[in-house]
Amino acid sequence: PQVQPRVEELSELYRELSQQPGLSTACLGPDLTTQYGGKYCSLYTEWSQRDLARAENIKFCRQYLIFHDGASIVYSGPAGTCSEIKDELLSRESPSGMLKAVLRKVPGKEKEKEKQFLEVWDQNRKVKSIDLTALDKHGSVYDDDQFGCLAWSHSETHLLYVAEKKRPKAESFFQSKVLELGTSDEDTGHPKKEDAPIKVGSPQPRSAGGWLCGCGVDQVVPQGEQFVYHEDWGETLSARSVPVLCVLDIEGNSISVLEGIPEHLSPGQAFWSPEDTGVVFVGWWHDPFRLGLRHCTNRRSALFYVDLTGGRCELLSEDTRAVWSPRLSPDGCRIVYLENNVLGPHQQCSRLRMYDWYTKHTSTVLEAVPRQAWGAFPGIYCGTLPGMCWAADSRRILLDTAQRSQQDVFVVDTATGTTTSLTADSPQGSWSVLTIDRDLLVARFSTPSCPPVLKVAVLPSAGHEAQTQWICLQDAAPVPGITWGIRTLQPPPEQEHLQYRGLDFDAILMRPSEGPTAQKPPLVVMPHGGPHSVFTAGWMLYPAALCRVGFAVLLVNYRGSLGFGQDNVDSLPGNVGTQDVHDVQFCVERVLQEETLDASRVALVGGSHGGFLACHLIGQFPDTYRACVVRNPVVNIASMVTTTDIPDWCLTETGFPYEPDALPDPAQWTEMLHKSPIRYVDWVRAPVLLMLGEDDRRVPPKQGLEYYRALKARGVPTRLLWYPGNNHALAGVEAEADGFMNLALWLLKHLQC
């Protein structure tokens, strides 16, 4: 059977599916009591949605009411309709739920640059609006999830956030020294009066002694500094260089910058210590130079505490590890955080550690899991812990983690290290914890054929967690015409890893259940990037849309993926280009044997390391594949190592240790080239479509250009799409939409559908 959808049909299909909103955050309001004695609270949620007409992602909020008796949810439902959120960068409810802080961007008038305002709202109105840009105490406030935070003090009198350190004004060698009439001290660079230090929670916030200093002085930089290079933190963090911790005194309308942080550290993910005596933060080492931080949970970092009265900075964790996601318990006694080894694979099976605030003792709650086993806890593979993850007893925490090719929610008893799945008896798919407060639990659930839905539950008492009853608060209609399943594969004996024998891997197969190709559809093979990441059985726009077009889609979690144990992760470095390639090819051949698929029409689609594998496969197995689409692919590790923001990745995945002060020797250069797909370019016959992000810092677009020229020189049908203003993810709404249309048309053309 033939499928010949027109461009209009494809665009309408994409428009329909891309309008499915994604659920990003949730916040529970304080408990209120009805006149009849019942308890209820509000649930505030934020969603994101692609707006193709405006070519941007929009955010909107929706509120719900949850009536409960402390042990179960009596009634829940929406409260009103949703409304768009404009220009909010960060927002945070105060501990009491009576106040809300909002960081907002405001377009500048005429030639003015964009401004940032920090607002405070009570339940009826905006009570504060502070122009951070005009105060000029620091650069832009960080709104990312790597460094950024917006934290209320327990007294609700101060706000803590992270911003770029104010950079002194640089002068040209030829700048005029003549002062014009009306020039102010600020224009000349002369010091101006500083805000006095403040003390958190004090009725007289300017009476304390010396732990904060305002950063409003315009320092004059020596001539010749105008074009000095400033390092940044790489992919998606190119505007992040020197973060500083800042405090807003709400009553005093003053902003100050925290002193006492060692110069070799970049602080972030900060919060107030118990009793507001100081600030706890994660500090990342940036000597001898900064490496890319996005998706790299292996960068040397530690947990620190700065005492506000004396400015003393104290180390709370080991300083030879990588740590992130610190979370303070409701009783203020314990901090849990995630920990990895420094360097090595960028993503690993993490340890859960706990610091006791009063005994100063650090314990390991959960170790890394060498091998995943059904019925046992799979290990922690989450990027972050939920912002609110503690149960009301200050003993248990909630987290979600990959368990092979699905994602589940677990409760962890920090005193005993025991774990219990809260979703073991629930439908198979992808679960994520959004928040927990007073044991009311909010989660997101989706499958490859069902967009995200909102679920709520009451966390049962300790020992009874398996009895958790989930209630759907906001449903989503399943997308018709898609079936899916997970299959497990065991590599053949000749492809076993000598050190890590017995490892297996998974693949998720989606296929159309209706339409002219449903009986024997063409196959699109999609290996994931990373390589240490994973496809979980959740909603993914591109695979769902391709399935609706009429393709079967095979998502391969080859050995090296997360969710299968640390041995699985460790098996891949040194074997990229062989083990991962052979796993994908073995999976394709097995699926073609066991499923009714059209083996004469098989294509590859992959991005980043998935593009690396796609380019390998069309070169190593040219008879299998008829077309290929790659997005920002790694093509030549040897040429990438000197241009990427993650040079350590190039050495680690090739099988070599990374040393910042060492250059690769000739044998290492040779091995990097040997493991790269460019080595097999002479055997490529499948037409290749390349999509490159102009601003990609992770896999610079010259990688794709190198492959494009090599293919063109060999007469392989090749097309290149270049997306300005887009980085590695090609996640801009316009680029994502254009990318899908070109991808689908390329596959339809070259698979002769």
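The coordinates are above.
The present account deals with the structure reproduced in this document.

About the cut-offs
Residues numbered from 1 in each chain as written. Predicted model: local features only at pLDDT ≥ 70, side-chain atom pairs only at ≥ 80, totals over all residues. Heavy atoms only, no water. Helix = DSSP H or I, 4+ residues; strand = E, 2+ residues; numbered from the N terminus. Rg over C-alpha atoms; globule rule 2.2 N^0.38 Å. Buried < 20%, exposed > 50% of the residue type's maximum accessible area, 1.4 Å probe, protein only. Areas by Shrake-Rupley, 256 points an atom, 1.4 Å probe, with all protein chains shown as cover. Lys, Arg positive; Asp, Glu negative; His and termini not counted. Charge placed at Lys NZ, Arg CZ, Asp CG, Glu CD. Axes fitted to C-alpha atoms, helices over the stretch in contact; angles between N-to-C directions. Parallel < 35°, antiparallel > 145°, perpendicular 65-115°, else oblique. Left-handed = near helix turned anticlockwise from the far one by under 90°. Contact = heavy atoms within 4.5 Å. Nonpolar A, V, L, I, M, F, W, Y, C, P; charged D, E, K, R; others polar. Pairing = 2+ DSSP bridges. Phe/Tyr/Trp six-rings, centres within 6.5 Å; stacked < 30°, edge-to-face > 60°. Lys NZ or Arg CZ within 6 Å of the ring centre and 35° of its normal.

It is worth spelling out the overall build of the chain at this point. Scanning the chain for helices and strands turns up 12 helices and 38 strands. At 27 Å, the chain has a C-alpha radius of gyration in line with the 27 Å of a compact globule built from 753 residues. In terms of its C-alpha atoms, the chain occupies a principal-axis envelope of roughly 80 × 75 × 55 Å. Within the span of the chain, comprising 753 residues, buried residues form 57% of the whole. Counting every atom, the chain has about 31,400 Å² of accessible surface; 51% of that belongs to carbon and sulfur. Side chains of the chain give 69 positive and 90 negative charges; the mean places of these two sets differ by 3 Å.

Turning next to the environment of Pro700. Among the structural elements, Pro700 can be located in the loop between strand 37 (688–693) and helix 11 (702–713). Once the C-alpha coordinates of Pro700 and Thr414 are considered, the two residues, 286 residues apart in sequence, prove to be 43 Å apart.

Counting buried residues along helix 4 (residues 541–549), 8 of its 9 residues qualify, which places the element largely inside the surrounding structure. When we look at burial in helix 4, the residues that qualify are Leu541, Tyr542, Pro543, Ala544, Ala545, Leu546, Cys547 and Val549. Gly550 lies just past helix 4 and shows a positive phi near 130°.

Bringing the packing of helix 1 (residues 7–18) against helix 12 (residues 733–750) into the picture now. Contact pair helix 1 / helix 12: the axes reach a minimum separation of 10 Å and the direction vectors enclose 135°. Classified by the angle between their axes, helix 1 and helix 12 sit oblique to one another. In the packing of helix 1 onto helix 12, the handedness of the crossing is right-handed. Residues Val7, Leu10, Ser11 and Tyr14 of helix 1 lie in contact with helix 12, whose contacting residues are Glu736, Ala737, Phe740, Met741, Ala744, Leu745 and Leu748. For the contact of helix 1 with helix 12, the residue count by class is 9 nonpolar, 1 polar and 1 charged.

As a further point, take the sheet that holds strand 21 (residues 334–341). A sheet is described by the order of its strands in space; here 4 strands give the open sequence 20-21-22-23, paired in antiparallel fashion. The open sheet terminates on both sides in strands that have one partner only, identified here as strand 20 (321–328) and strand 23 (362–366). Going across the sheet, the axis of each strand differs from the next one's by a mean of 30°, ignoring polarity.

With that settled, consider the packing of aromatic side chains. In this structure the tally under the stated criterion is 16 aromatic pairs. Residues Tyr680 and Trp683 carry aromatic rings whose centres are separated by 6.4 Å and whose planes lie at 55° to one another, so their mutual orientation is tilted. Pairwise contacts between aromatic rings join Tyr142, Phe147, Trp233 and Trp284 into one cluster. Seen from the ring of Tyr44, Lys100 lies directly overhead, with NZ or CZ sitting 4.1 Å from the centre. Cation over ring: Arg240 sits above Tyr142, and NZ or CZ is 4.4 Å from the ring centre.

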